[in-house]
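The primary structure of each chain is shown beneath.
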Amino acid sequence: METKKVAVIGAGLMGSGIAQACAQAGYEVVNIDTFASAIEKAKENITKLFERKVAKGSMTEDKKKEILGRLNYSENFEDVKGAFLVVEAVPEKIEIKKDTFKRIDAVADPETIIVSNTSGLSISEIASVTNRPQKVMGAHFFYPAPVMKLLELVRGLVTSDETYDTVKEFAAAIGKTTVDAPEFPGFMVNRILVPMQNEAAFMVMEGSKPEDVDNAMKLGCNHPMGPIELTDFVGIDTMLATMTGLYNGFHDSKYRPCPLLETMVKSGMLGKKSGQGFYKYDEKGNKIGSSF
Ligand code: CAA
């Protein structure tokens, strides 16, 4: 059987993880990013991750080589050609998403489906800048994308049934379970999860220790990670952008972003990826202390 090609745009935390998940499932993958530094970081991260898996025995050396052999990187949008599906995973700003969709639409094969990994922006608005809005929909992955089992499927106003069915099949092929989420800010998971993380940030701003807030939810509710740890893990900037999207989208003050998050982003404290967020991290990403 011919190996199908998937293109993933954006080699940040989400894009590189989505590319990994597709390559692991047997797809030929090209992960495209216009920043060479993002590609270098993605390659370094996956090499380290796979080396850890081989060392711990959850992946063989042969499997590692096989998967990495299917995972290619490029700085050129032209390389989406030949892909049956393009997954967009660029920063969560509507203008960046629209510009990226225009660029993909201009070079992708006419039958190619384009999905956005947006965590809450309007799919219909993103689709409107393309000449194929019926072939556009949302496919929202969760971090870390290779591990988390859920894929939220979000149809735009004109997404075709054929597009939806193809993306649902793709989700099953990469081992994800889907839910149909409404095209409203935050879709399903983030509308529930992110206000919880925001409330946790308010508690730190009011003087609670990050460890106490995290332990409360881990030990009191069996969450695998506390809300503060999770915010550092996903990125303070990403979480703030999602919360701001809820606030602007619903025009409801119950979604007001915590000012501490805004100050942290302005100061460059972006969480684990920048070495400091609510907690401090060493260069290997291990937690070494608290910032508050
Ligand atoms: N990327 C890829 N794979 C990763 C990874 C990463 N960042 N982190 C861990 N893994 C893999 C490991 O390689 C390991 O795989 P093997 O079993 O094949 O060796 C497996 O995950 C388990 O890892 P660990 O044993 O090291 O760690 P763990 O048992 O603590 O699990 C976790 C790690 C799965 C991330 C777990 O802590 C967890 O479930 N955390 C909650 C994650 C969560 O809530 N995500 C949602 C975020 S919200 C979001 O994404 C929405 C948004 O729009 C912002």
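Keep in mind it's a predicted model, so treat the numbers as computed, not measured. The numbering scheme is per chain: residues are counted from 1 as the chain's sequence reads. Per-residue local features are limited, in this predicted model, to residues with pLDDT of at least 70; the limit for side-chain atom pairs, both in listing and counting, is 80 or more; totals at the level of whole chains, interfaces and linings are taken over all residues. Only heavy atoms go into the side-chain values, all of them from the structure, while hydrogens and water stay out.

**Some words on the side chain of Arg132**
(1) Moving on: Note that Arg132 resides in the loop between helix H5 (123-127) and strand E6 (136-140).
(2) Moving on: Burial here depends on accessible area, computed with a 1.4 Å probe over protein chains only, as a share of the maximum for the residue type. Under 20% is buried, over 50% is exposed, and the range in between is partly exposed. Exposure remark for Arg132: the relative accessible area of 6% places this residue in the buried category.
(3) Moving on: Polar contact criterion, stated in full: a pair of N or O atoms within 3.5 Å, where within protein one must be able to donate a hydrogen and the other to accept it, and residues adjacent in sequence count only if both atoms are side-chain atoms. In terms of polar contacts, Arg132 uses its side chain to reach the side chain of Asp105, at 2.6 Å.
(4) Moving on: Look past the residues within four positions of Arg132 in its chain and what remains in contact with it is Asp105, Ala108, Asp109, Pro110, Thr112 and Ile114. Comment: elements are numbered from the N terminus, with helices defined as DSSP H or I runs of at least four residues and strands as E runs of at least two. Note on contacts: a residue pair qualifies if any of its non-hydrogen atoms lie within 4.5 Å across the two residues.

**A look at the side chain of Glu152**
(1) Moving on: Structurally, the position occupied by Glu152 is in strand E7 (residues 150-155).
(2) Moving on: The buried charged residue Glu152 lacks any salt bridge partner; its closest oppositely charged side chain belongs to Arg191, at an N-O distance of 10.0 Å. In this count, Lys and Arg are taken as positive residues and Asp and Glu as negative ones, while His and the chain termini are left out. In the sections that follow, a salt bridge refers to a side-chain nitrogen of Lys or Arg positioned within 4 Å of a carboxyl oxygen of Asp or Glu.

**Let's talk about helix H2 (residues 36-56)**
(1) Moving on: Given a helix with a known number of residues, its expected span is that number minus one, times 1.5 Å. The terminal C-alpha atoms of H2 lie 30 Å apart, and with 21 residues this matches the ideal 30 Å at 1.5 Å per residue to within 8%.
(2) Moving on: Every buried residue of H2 is listed here: Ala38, Ile39, Ala42, Ile46 and Phe50. Along the long axis of H2, the arc covered by the buried residues comes to 95°, so they all point the same way. Exposed and oriented more than 90 degrees from the buried face of H2 are Ser37, Arg52, Ala55 and Lys56.
(3) Moving on: Note on H2: the residue one or two positions beyond its end, Gly57, has a positive phi of about 90°. Directions pointing from the helix axis toward each C-beta atom define the arc.

**Brief notes about the packing of helix H7 (residues 189-205) against helix H10 (residues 236-250)**
(1) Moving on: To get an axis, a line is fitted to the C-alpha atoms, and for a helix only the part in contact is used. The angle between two axes follows their N-to-C directions and goes from 0 to 180 degrees. Packing of H7 against H10 brings their axes to within 10 Å, and their N-to-C directions diverge by 115°. Judged by the inter-axis angle, H7 sits roughly perpendicular to H10. Crossing of H7 over H10 shows left-handed handedness. In contact with Asn190, Arg191, Val194, Pro195, Gln197 and Asn198 of H7, H10 contributes Met239, Thr242, Met243, Leu246 and Phe250.
(2) Moving on: Gly is placed with the polar residues, together with every amino acid not listed as nonpolar (Ala, Val, Leu, Ile, Met, Phe, Trp, Tyr, Cys and Pro) or charged (Asp, Glu, Lys and Arg). Here the residues of the contact of H7 with H10 are counted per class, giving six nonpolar, four polar and one charged. Throughout this description, any angle smaller than 35 degrees is read as roughly parallel, any larger than 145 degrees as roughly antiparallel, any in the 65 to 115 degree range as roughly perpendicular, and the remainder as oblique. A clockwise turn of the near helix away from the far one marks a right-handed crossing, whereas an anticlockwise turn of less than a right angle marks a left-handed crossing.

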